[in-house]
Structure formats: C-alpha cells, structure tokens
Amino acid sequence: MNKLPPISNEDRPKGIQRIMSLPNKGLKALWDSIIIEEDQKHRLLSQAVLNFTMRGKVPRTVIPLHGVIMLTGLPGTGKTSLARGLAHRVAESFPKDKFRLLEVEPHSLASAAHGKTQRAVTDLFAQSIAEAAAIAPTIVLLDEVETLAADRAKLSLDANPIDVHRATDAVLVQLDQLAEEHPNLLFVATSNFPQAVDQAFLSRCDLILEVSLPNAEACERILKDCLTGLGEFYPAIGRLAQDRKFTQCASACVGLDGRAIRKMVANALASDQKTAMNPELVSMDALFTAAEMAKETRNAGDKQ
Ligand SMILES: Nc1ncnc2c1ncn2[C@@H]1O[C@H](COP(=O)(O)OP(=O)(O)O)[C@@H](O)[C@H]1O
Ligand SMILES: [Mg+2]
C-alpha cells in the first residue's frame, strides 16, 4: 500500500489554497448538485478517467496528452463546482488508489512581488505539484486560469506585461515537463474568459468543454432542487415545487445561470421583512417577480 505523508493545510506550499484527500462526500454532493446534460458529465468524467488509465502506458509520441481538461462558460454556470466534484468522481473510479486534490490559487501567484511571478509559478509546478504527483495520483484545480495563462498576444505594454508574459511562458514549460514525467497527474482548469487565455495553453488541453446556461428543463430541475432543499428546513417552501404555477416560474428563469437561479430564490425570501423573518410566507408570485428582476438586471448588464 502506498503511504502518503500527510500534507497539512497549515504548511501547504505557496500558491496552493487547499489540499484534500479523495474521495470526499462534500465534493460528491457538489457534483450531484450541478444540473447539466448527463452527456456532458459523462464526457468529462470519461476523459478524466482515461487520463489515469492510459497516460502511464501509451507514449506521448502516439497520443500527446497533457493531462489538462478545461471548463469554459459564463460565470455561475457551475464550472468550479464541477471541477471539484470531478476530482471526487475520478477518485471513486479507482478505489485502490489514494487520490488527492490540490487547489491552486492563481491570484496569490500573480500578485507576487514585481518580477517574481515566474519564479512562484515555476516553484509551484516543478516542486509542489511534481512532488505531490510523484507520491500519489493527483488532481490539480486551476480555477480562473486566465490569471495564470494570460493570452500573450493580447497583452498591452502597460501593467507589468513582461512579468505576466513570463508567467504564461513558465506555465507552458511546466505543463510540458509535468506531462512527460507525471502521467498520474490531471489539471482541471476553468475560465469565464477563454478568449483571454493563451492559445498555447488551450492547445495543450485534452478536452475543452463549454458549460452553457441551463435550458428550460435544467432551470426547472435547479429551481426544484433549490425549493426542495429549502423544504427540509421550511416545509411550506418545499411544497411550492408542486404548485401549479411552478413550471411557469421555472420558465421565467430561462436566461439565468444556475447560481443566479438559486440566488433569486433567496431574493424572493427577502422580498419583504415579514417573509425575511418567516421564510415560509414566500409566495409563488414573489418567486416569479424575483426571477423577472434577476433577468432584467442581467439584461441591463449585458447592454453596458
Ligand atoms: N447547472 C447548475 N445546476 C445547479 N446549480 C448550479 C448550476 N450552476 C451553478 N449552480 C449553483 O451556483 C453555485 C456556484 O457555481 P460555480 O461552480 O461557482 O460556478 P462558476 O465556477 O461557473 O462561476 C453552485 O454551487 C450551485 O449552487
Ligand atoms: Mg468559478
């Protein structure tokens, strides 16, 4: 049995926000809570599983996998949750191995003192991540990767561009190196702005999956999930999922992302002080109005 030296979260290396052993029940719940087409979840999981079954066997001259999966899409569509949940699902698929999840904090690297970003990136990848991958199968979350792998072609000459340029160079060099040496490693990156991510990074991704806004059926499921979840604490709210106006209210959510749907439910509970004091007073009409308002705010934002 492979023994893992515990990496405590207290002495975690710079640039790593969190280290978790897998599988993890909380991450399972996260994966299950994100409602997207089953097909997309299957593709994501299969690509991640293949990473660990095949890369150790087949030379990169045959299939040049880098061990990088990228999720793109608008903010609030569930990318970060899916990426973290995916780590759990992969670990669960290999019950004999002790997988770990490392969550990188790109902003802390990018904000390193002037001229030091490149060094910080190199240390993180070549030391911390390489060491972890040498010990046990490792999944690394690169959330909001545009901060780390900014598109060099679009960088203007103000705002410390040389440093950012070098940081992107360092990420690419390190990804190539790790791909050669560590088949037991998978990066899952996310970005709200894939157009701001360097082309060379995108070309290294084994799969780029766009997570879209929920369609009508998904909106219905998300709203139902939210109301029944609240129903555990406030039974009257749970019953709204059976209301005859429920489907109509769910249709009013089309155009919102999953996060916005759940937040608009909270807004409805806060539509007046009485309801805020006793959330079970919330009505279907209040939900409907909150959904319409959330969409108006979004549309106004889009026009700016
Ligand atoms: N498709 C979805 N189905 C259900 N809930 C969702 C969905 N998308 C987002 N959410 C909700 O929004 C929260 C935030 O999502 P997150 O993963 O941070 O999105 P992103 O990283 O794309 O901005 C999730 O924890 C979840 O509650
Ligand atoms: Mg996110």
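The rules behind these values
- Residues numbered from 1 in each chain as written.
- Chains lettered and ligands numbered in written order.
- Predicted model: local features only at pLDDT ≥ 70, side-chain atom pairs only at ≥ 80, totals over all residues.
- Heavy atoms only, no water.
- Salt bridge = Lys/Arg side-chain N within 4 Å of Asp/Glu carboxyl O.
- Helix = DSSP H or I, 4+ residues; strand = E, 2+ residues; numbered from the N terminus.
- Buried < 20%, exposed > 50% of the residue type's maximum accessible area, 1.4 Å probe, protein only.
- Phe/Tyr/Trp six-rings, centres within 6.5 Å; stacked < 30°, edge-to-face > 60°.
- Lys NZ or Arg CZ within 6 Å of the ring centre and 35° of its normal.

J.: Looking at this model, I keep getting lost on the pattern of salt bridges. Mind explaining?
T.: Note that side chains of opposite charge can pair when their charged atoms are close. The tally for this structure, following the rule as stated, stands at 13 salt bridges. Taking the shortest distance from any N to any O, the salt bridge between R84 and E103 comes out at 2.6 Å. Here the residue R84 occupies a position in helix 3 (residues 79-93), and E103 occupies one in strand 3 (residues 100-104), the gap between them amounting to 19 residues. The same class applies to R84 as to E103, namely buried. A salt bridge links D198 to R152; the nearest nitrogen and oxygen atoms lie 2.9 Å apart. Of this pair, D198 sits in the loop between strand 5 (185-191) and helix 7 (199-204) while R152 sits in the loop between strand 4 (138-142) and helix 6 (161-181); the two residues are 46 residues apart in sequence, bridging distant segments of the chain. Several salt bridges share partner residues, and in doing so they unite R18, R84 and E103 into one network.

J.: What's the story with the packing of aromatic side chains in this structure? I'm lost.
T.: For any pair of aromatic rings, the description consists of the separation of the ring centres together with the inter-plane angle of the planes. Evaluated as defined, the whole model comprises 4 aromatic pairs. Ring centres of F52 and F94 lie 6.2 Å apart, and the angle between their planes is 65°; on these two criteria the pair is classed as edge-to-face. Here F52 is found in helix 2 (residues 38-54), whereas its partner F94 is found in the loop between helix 3 and strand 3, with 42 residues between them in sequence. For F94, a relative accessible area of 16% puts it in the buried group. Aromatic pair F125 and F187: ring centres 5.6 Å apart, planes at 25°, arrangement stacked. Linking F125 in helix 5 (residues 117-135) with F187 in strand 5, this pair joins segments that are 62 residues apart in sequence. Given the relative accessible area of 0%, F125 is considered buried. Taking NZ or CZ as reference, K41 lies 5.2 Å from the ring centre of W31, over its face.

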